[in-house]
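Each chain is listed here by its residues.
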Amino acid sequence: MIKKVLVANRGEIAVRVMRACREMGIASVAAYSEADKEALFVKYADEAYLLGPAPARASYLNIEKVIDTAKQCGADAIHPGYGFLAENPKFARACEEQGLKFVGPSSRVLELMGDKITARREMIKAGVPVVPGTQECVTDPSQASDLAKGIGYPVIIKPSGGGGGIGMTIVASEGELANALKSTQAIATTTFGLCDVYIEKYLPHPRHIEFQLLGDSKGNAIHLGERECSIQRRHQKLIEESPSPAVTSEMRAEMGAIAAKAARFVGYEGAGTMEFLFSDGKFYFLEVNARVQVEHPVTEMVTGVDIVKEQLRIASGLPLSLKQEDVRINGWAMECRINAEDPLNEFAPCPGKLKAYQPPGGTGVRVDGGVYTSYTIPPYYDPMIAKLIVWGRERNETIRRMERALYEYVIVGIQTNIPFHKAVMKNPRFVKGELETHFIDRETALLDDMKALLEQEKPLEKKLSLVSDDKKRIAAIAAVSAVTQALAGKRATS
Ligand code: MV4
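As the structure is a computational prediction, the values presented were derived from the model and not from experiment.

**Student:** Help me out: how do you make sense of the pattern of salt bridges in this one?
**Tutor:** Where side chains of opposite charge bring their charged atoms close, a pairing between them can arise. All told, the structure shown has 36 salt bridges when counted by the stated rule. Notably, a salt bridge pairs E295 with K237, separated by 2.8 Å at the nearest N-O pair. Note that E295 is positioned in the loop between β13 (282–289) and α10 (296–303) and K237 in strand β11 (residues 236–242), a separation of 58 residues in sequence. Grouping residues by exposure puts E295 and K237 together as buried. Its salt-bridge partner being E397, residue R393 comes within 2.8 Å of it at the nearest N-O pair. Residue classification places E397 among the buried positions, given a relative accessible area of 18%. Members of the salt-bridge network, linked through shared partners, are E210, R227, K237, E240, E295 and R337.

Shown next as structure tokens:
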């Protein structure tokens, strides 16, 4: 069994990983940047070491420094979290060469899945349905034109080195193709250092559904059902849930079995996700995310499986702690990402000092966070400061509970996207479960609904700021919000 883990990450996911370590009797080590000296994960860790200056390149992305730190402190494994070095095959290989266990798939699998063209090819070989498109790299315009004609317009050109939407270009007709190819190749080269691009059929309003997978070093692989992640803005997911309102238990069993088989086919070790577009009742493979994901807690809430503990077990050479037939989906879970951003200023990042921070609680509520009262959020990194996850017996109960928890959440000193989440929880199409990847763009009323909610709360805040004692004020904000919420509910039902 692993004895000491260096967590090569920051914020809420670093805390999340260390919590699993503590429950398992594994020592945890924080490796932090100068901007994160006061961060919660540094205080939570059993030991903490400074990596370097604030910019990620000088600290969280500095492979040599991270590995040196791990060796210095006597860690036997490195957990990379998500983002930063999590899917970097060079980093995984460096760990392998230095005798440090990388908590994740092998560098070989990371390489295979990191290149989207080879990932598509592997999945086709494994019998997974993929979006119709090319299996090879597209280089010149006349080749692209022939391929696109065969696929049928509209098509989408994607960088092979990417993922997450960067550089993707939708092409409506032949006339736009040559320019789109050039621009995607240019972005691919500058962002990923690889000019390779490929072409897929463009699906206009798909749902984004992904399967959670676990594979161990003995060749076992299982799935933990799906998550629906259609509520996103500018390729940033905002709300995720499990199960998906669109997936029946028959579809789950069928697609889950295909995904788990594909994981066994490539020799997948660790936790991972297979992303699909879901359109007209059919699944189309998009890409593999070879890491633990931000939204993993919704799966934990409905399955009872601690995904990070499974990662640490797998990395220790132990078999999965459960078999496919032991996996049950119980109830409904939903996650809202809480971002330090200004919803009235195009959701621009809004770092700063938390004058008060009081997360919600109660039945079915989980908060995974990386901040505390009086902490100053640094401007250098992702604006996500916490995740609010709730569980209910069915979807409607979950939505009501999420709304209740959002109203209990007190954050003073910075702007957050909580008002936006409140507006979504009231949205009739959202409540019906009519989700798709363009939901936020199409629901133009959401921003006005949010502004109306903010106006409602304004007079209360003014009154409350007269109360000088901070603790009293926080309690009062929570109480008054709850009362107005109850009144609004009464109005709606009467
Ligand atoms: C697509 C698609 C439609 N058809 N692929 C965006 C994130 C990345 N993981 C995959 N993405 C998409 N891939 C096919 N074949 C629609 C999206 C997509 C999208 C694409 C371009 C611009 C904005 C988008 C918003 C949501 C989904």
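After that view, the rundown keeps rolling.
**Student:** Sorry, what's going on with the site of the ligand here?
**Tutor:** The environment of the ligand is made up of 17 residues, and the closest members are K158, E200, K201, L203 and H235. Within the side chain of K158, one N or O atom sits 2.9 Å away from a nitrogen atom of the ligand. For the ligand, a nitrogen atom lies 2.7 Å from a polar atom in the backbone of K201. About the coverage of the ligand: the protein hides 88% of its 530 Å² of free accessible area. Sorting the residues of the shell around the ligand by element identifies β6 (155–159), β8 (197–201), β12 (270–279) and β13 as the ones contributing at least two each. Among the residues making up the shell around the ligand, the classes are represented as seven nonpolar, five polar and five charged.

**Student:** I'm lost on the environment of I199 in this one. Help?
**Tutor:** For I199, the location among the structural elements is in strand β8. Sequence separation of I199 and A259 is 60 residues, and the distance between their C-alpha atoms is 23 Å. Once you skip the residues sitting within four places of it in the chain, I199 turns out to touch G133, T134, V138, A144, I151, V155, I156 and I157.

**Student:** Honestly, the sheet that holds strand β4 (residues 77–79) in this entry has me stumped. Any pointers?
**Tutor:** Think of a sheet as strands paired side by side through backbone hydrogen bonds, with each pair either parallel or antiparallel. Here we have five strands laid out as an open sheet, ordered β3-β2-β1-β4-β5, and parallel in their pairing. Of all the strands in the sheet, the pair left with one neighbour each is β3 (47–52) and β5 (101–102). Bridge analysis of strand β1 (residues 4–7) against strand β2 (residues 27–33) gives four bridges, and the strand direction is parallel. Counterpart to L6 in the pairing with β2 is V29. Of the strands in this sheet, β1, β2 and β4 are in contact with helix α1 (residues 11–24), which crosses β2 at around 165°.

**Student:** Explain the packing of aromatic side chains to me, please; I cannot follow it from the model alone.
**Tutor:** Here a ring pair, both rings aromatic, is described through the centre-centre distance and the interplanar angle of the planes. Throughout the structure, instances matching the rule amount to 13 aromatic pairs. Centre to centre, the rings of F211 and F276 are 6.0 Å apart; their planes meet at 90°, and the pair counts as edge-to-face. In this pair, F211 sits in strand β9 (residues 207–215) while F276 sits in strand β12, placing the two residues 65 residues apart along the sequence. Overall, the relative accessible area of 0% leaves F211 in the buried class. With relative accessibility at 0%, the residue F276 sits in the buried group. Ring centres of F430 and F439 lie 6.4 Å apart, and the angle between their planes is 70°; on these two criteria the pair is classed as edge-to-face. By relative accessible area, F430 is classed as buried at 0%. Taken together, the aromatic side chains of F211, F276, F278, F283 and F285 make up a single cluster linked through ring pairs. Above the plane of the ring of F430 lies R395, whose end atom (NZ or CZ) is 4.9 Å from the centre.

**Student:** Looking at this model, I keep getting lost on the sheet that holds β8. Mind explaining?
**Tutor:** The strand order β7-β6-β8 describes an open sheet built from three strands, whose pairing is antiparallel. In this open sheet, the two edge strands, each paired with only one partner strand, are β7 (169–171) and β8. Geometrically, the sheet is characterised by an average inter-axis angle of 25° between neighbouring strands, direction not taken into account. Here β6 runs beside β7; their pairing, made up of three bridges, is antiparallel. Bridging from a neighbouring strand, V155 pairs with V171 of β7. Of the strands in this sheet, β6 and β8 touch helix α6 (residues 116–125), which is tilted by about 50° from β8. On the sheet, helix α7 (residues 141–151) packs against β6 and β8 and is oriented at approximately 20° with respect to β8.

Parameters at a glance
Residues numbered from 1 in each chain as written. Predicted model: local features only at pLDDT ≥ 70, side-chain atom pairs only at ≥ 80, totals over all residues. Heavy atoms only, no water. Salt bridge = Lys/Arg side-chain N within 4 Å of Asp/Glu carboxyl O. Helix = DSSP H or I, 4+ residues; strand = E, 2+ residues; numbered from the N terminus. Buried < 20%, exposed > 50% of the residue type's maximum accessible area, 1.4 Å probe, protein only. Near = heavy atom within 4 Å. Polar contact = N/O pair within 3.5 Å; in protein donor to acceptor, adjacent residues only side chain to side chain. Areas by Shrake-Rupley, 256 points an atom, 1.4 Å probe, with all protein chains shown as cover. Nonpolar A, V, L, I, M, F, W, Y, C, P; charged D, E, K, R; others polar. Contact = heavy atoms within 4.5 Å. Pairing = 2+ DSSP bridges. Axes fitted to C-alpha atoms, helices over the stretch in contact; angles between N-to-C directions. Phe/Tyr/Trp six-rings, centres within 6.5 Å; stacked < 30°, edge-to-face > 60°. Lys NZ or Arg CZ within 6 Å of the ring centre and 35° of its normal.

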